[in-house]
Amino acid sequence: MQLYKTISTIIVSFIIGAPILAQDLNDSLNLKVVLATALENNFSIRINNNNMEINKTNNTLGNAGFLPTIGVQSSYSSAHKDVEQKFFNSDEIRTIEDGKRDVFDLRGGLNWTLFDGMGMFVSKQQLNEFEQMGEFTAKIAIDNIVASVSDLHYSIVVEESKLKVLEEVLEVSDQRKKIVKDKYDAGRASYQEHLAAQVDYNADKSLLIRQENLVKQQKITLLNMLAVEADLNVSYNTNDSLKVLELINLQDVIMRSSLNNPSLLVAQREQNIAYLGIKKVQAEQFPALNFAADYGYMYSDASYGNLSLSKEFGLSYAFTLSWNIYDGSNVKRRKKVAQIEHENSLLAMQERELQLKNEIILAYQNYQNNLILVDLESDNRKIAEQNATIALDRYKVGRSDFIEFRQMQTNYAEASNRYLDALYTVKLNENELLRLSGDITKTLLMLDN
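Residues numbered from 1 in each chain as written. Predicted model: local features only at pLDDT ≥ 70, side-chain atom pairs only at ≥ 80, totals over all residues. Heavy atoms only, no water.

Engineer: How would you sum up the confidence of the model for the chain? Please name residues and give values.
Structural biologist: Considering every residue of the chain, the mean pLDDT works out to 87; 89% of them sit at 70 or more. In the model, residues 1-8 has pLDDT below 50 throughout and makes 23 contacts with residues more than four positions away in sequence or in other chains. Considering only residues more than four positions removed or in separate chains, one finds that residues 10-17, a stretch of pLDDT under 50, has 18 contacts. (pLDDT = per-residue confidence, 0-100. Contact = heavy atoms within 4.5 Å.)

As C-alpha cells, this is what we get:
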C-alpha cells in the first residue's frame, strides 16, 4: 500500500494551476504556482522519486523467493577416436579406427524452494518495509524542498515590501531636496542644509539600488531551486502578501507529528526491518525443502562402446530436504548481532521521538514570542509612520530642522523593516511547525492565494 503519492499525483490532487515555464517568468507568481513548479522540476525530488520507484520495483514475490526458477539448456558433442576394446566375456580385442560418437541433449528444468523456515515470507515483509521507507524518504525530500522554497518565496515578498518602503523614503527625500532647494534659492536655508538633503537623497538611492539587486539575487536563487533557467531579462513579481495562519496549537502539532512526520516514520520502518532481520536468521535454523524437475530429450549415436544408439525422452523430478544442524555456531552469532541491531533501532527510535518533541516545543516557543513581536512592531510601525508624516509637515512650514526630520524618516524605515522581519520570522516558524508535523506540503498547497 502506498502511503504517499508520487509527485505528479500530488500536483494533480492539490494544485490548481500549472507550473511555470520559462516564458511565464515575467508574470506575477503566487506561492501555490511556485510550489507546483518545484514539485515537478526540482532535481532532488525527482531523484528521490526514482529511488522510491526502485524500491517499489524490487518488491515482488520473485525477489522474496516465492517463485521457482525455470531454464532451458541444450548441448551437442561429437567425438572421433581410434578405439581398442576388450570385453569381459571375450578375449578378443576389438579395434575401431576413426570411431564416432555424437550426443545431443535438450531439456528444460525447474527449481523451486517449497519451504525455507518461513524465510521467504520474512523477505517479502522486508521488501514491503523498504518500499514504504522509500516513500517516506521521498516525502522528507518533498517537505524539505517545500519548506525551503516557501521560506525563500516569503523572503522575496518581504524584500519586495522593504523595497517599497525604500521607494517611499526616497520619494520623501526627493520632496525634501526640492523644499530645501526652494528655501536655499529664497535665502531661507543654509548651504549646509542643501548639501545634507542631497547626501541623504543619494544615500537612500544607494540603499534602493542595493535592495533591488538583493531581490533579483533571491529570485535567481529561487528559480534555481525550481530547476528553471534564468537570464538577465527574466523577472517576475510576487502577488502574495504575508498572512499569519490561524493560531497553531502545540498539542495538535505533537499529535500529528507522531502520525505523519516522515523522519519518524522512516525510523519506525528501520525498526521493523531490524526485527525482521532476527526472523530471517531464525528461519535458517529450520529445514529447507526444495523441488527440482526437468523434462528433456537426449539422443546418442556411437560406433563404439556398449550402446550404438540411445534415446531418452521424458520427465524426472526430485525432492530435497536439507537441514543445517551445525555450522560453527554462525547462525547463533548472526542472530545475536541481529538482536543487538534491533535494540539499536529501538534506541534510535526513542531518540528521534525525543528530538522531534523537543524541536516542536522549541519551534513553538519561538512562534509564540514572534507573534508578540509582530503585534508590537505593527504598532511601532504605525506610530513611526504618523511621526514621519508630522515631521514632514513641520519641516515644510519650517517648524523643525532637517536633523529632526531625517531622524523621523529613518525611524519609519527601521520600524517598517523590523515589522516585516518579525512577520517573516513568524512565517518561518509556521513552516517549521508544519514541517515537523508532516503537514507542510498539503497545508501550503491548499492555501488560498
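Engineer: So, helix α5 (residues 119-185): which residues are in play, and what are the values?
Structural biologist: Given a rise of 1.5 Å per residue, 67 residues ought to cover 99 Å, and the 97 Å separating the end C-alpha atoms of α5 matches this to within 8%. Positive backbone phi, at 80°, marks Gly187, one or two positions downstream of α5. (Helix = DSSP H or I, 4+ residues; strand = E, 2+ residues; numbered from the N terminus. Expected span 1.5 Å × (residues − 1).)

Engineer: Go over unusual backbone geometry, please, and point to the residues and values.
Structural biologist: If you check the backbone angles, Met118 has positive phi at about 70° while not being a glycine. Considering the arrangement of structural elements, one finds Met118 in the loop between β3 (93-115) and α5. According to the relative accessible area criterion, Met118 is partly exposed, its value standing at 42%. Located in the positive-phi region is Ala227, a residue other than glycine, with phi close to 60°. By secondary structure assignment, the location of Ala227 is in the loop between α6 (191-225) and β4 (237-238). (Buried < 20%, exposed > 50% of the residue type's maximum accessible area, 1.4 Å probe, protein only.)

Engineer: Now, about the packing of aromatic side chains: what can you tell me, with residues and values included?
Structural biologist: If you walk through the whole model with that rule in mind, you get 8 aromatic pairs. With 6.4 Å between their ring centres and 55° between their planes, Phe104 and Tyr297 make a pair best called tilted. With a gap of 193 residues between them, Phe104 in strand β3 and Tyr297 in strand β5 (residues 288-302) connect regions that are remote in the sequence. Relative accessible area serves as the criterion here: at 28%, Phe104 is assigned to the partly exposed category. Accessibility expressed as a relative area gives 28% for Tyr297, which makes it partly exposed. Between Phe291 and Tyr317, the aromatic rings sit 6.3 Å apart at their centres with planes inclined by 40°, giving tilted as the arrangement. (Phe/Tyr/Trp six-rings, centres within 6.5 Å; stacked < 30°, edge-to-face > 60°.)

Engineer: I'd like to hear about the pattern of salt bridges, residue by residue, with values.
Structural biologist: The tally for this structure, following the rule as stated, stands at 19 salt bridges. A salt bridge links Asp143 to Lys139; its shortest N-O distance comes to 2.7 Å. Highlighted residues: Asp143 and Lys139, both in helix α5, separated by 4 residues, approximately one helical turn. Side by side, Asp143 and Lys139 carry an identical accessibility label, which is buried. Between Glu430 and Lys427 there is a salt bridge, and its shortest N-O distance comes to 2.8 Å. Of this pair, Glu430 and Lys427 both sit in helix α10 (residues 402-437), 3 residues apart, which is roughly one turn of that helix. (Salt bridge = Lys/Arg side-chain N within 4 Å of Asp/Glu carboxyl O.)

Engineer: Kindly report on helix α3 (residues 43-58), identifying the contributing residues and their values.
Structural biologist: Helix length check: α3, at 16 residues, gives a terminal C-alpha distance of 23 Å against a target of 22 Å (1.5 Å per residue), a fit within 8%. Among the residues of α3, those classed as buried are Ile45, Asn48, Asn49 and Met52. Along the axis of α3, the buried positions cluster into a sector of 105°, meaning they face one direction only. Exposed residues pointing more than 90 degrees away from the buried face of α3 are listed as Phe43, Ile47 and Thr57. With a side-chain oxygen lying 3.0 Å from the backbone nitrogen of Ser44, the N-terminal cap of α3 falls on Asn42. (Arc of directions from axis to C-beta. Polar contact = N/O pair within 3.5 Å; in protein donor to acceptor, adjacent residues only side chain to side chain.)

Engineer: A description of the packing of α6 against α10 should follow, citing residues and the corresponding values.
Structural biologist: Running from N to C, α6 and α10 cross one another at 15°; their axes reach a closest spacing of 11 Å. Here α6 lies roughly parallel to α10, going by the angle between them. The two elements α6 and α10 cross, and the hand of that crossing is right-handed. Listed contacts from α10 to Glu193, Ala196, Asp200 and Asp204 of α6 are Phe402, Arg406 and Gln409. (Axes fitted to C-alpha atoms, helices over the stretch in contact; angles between N-to-C directions. Parallel < 35°, antiparallel > 145°, perpendicular 65-115°, else oblique. Left-handed = near helix turned anticlockwise from the far one by under 90°.)

Engineer: Describe the packing of helix α9 (residues 330-396) against α10, naming the residues involved and giving the relevant values.
Structural biologist: Axis separation between α9 and α10 bottoms out at 7 Å; the angle between their running directions is 160°. Between α9 and α10, the interaxial angle falls into the category roughly antiparallel. The handedness of the crossing between α9 and α10 comes out as left-handed. Classifying every residue of the contact of α9 with α10 by side-chain character gives 24 nonpolar, 9 polar and 9 charged. (Nonpolar A, V, L, I, M, F, W, Y, C, P; charged D, E, K, R; others polar.)

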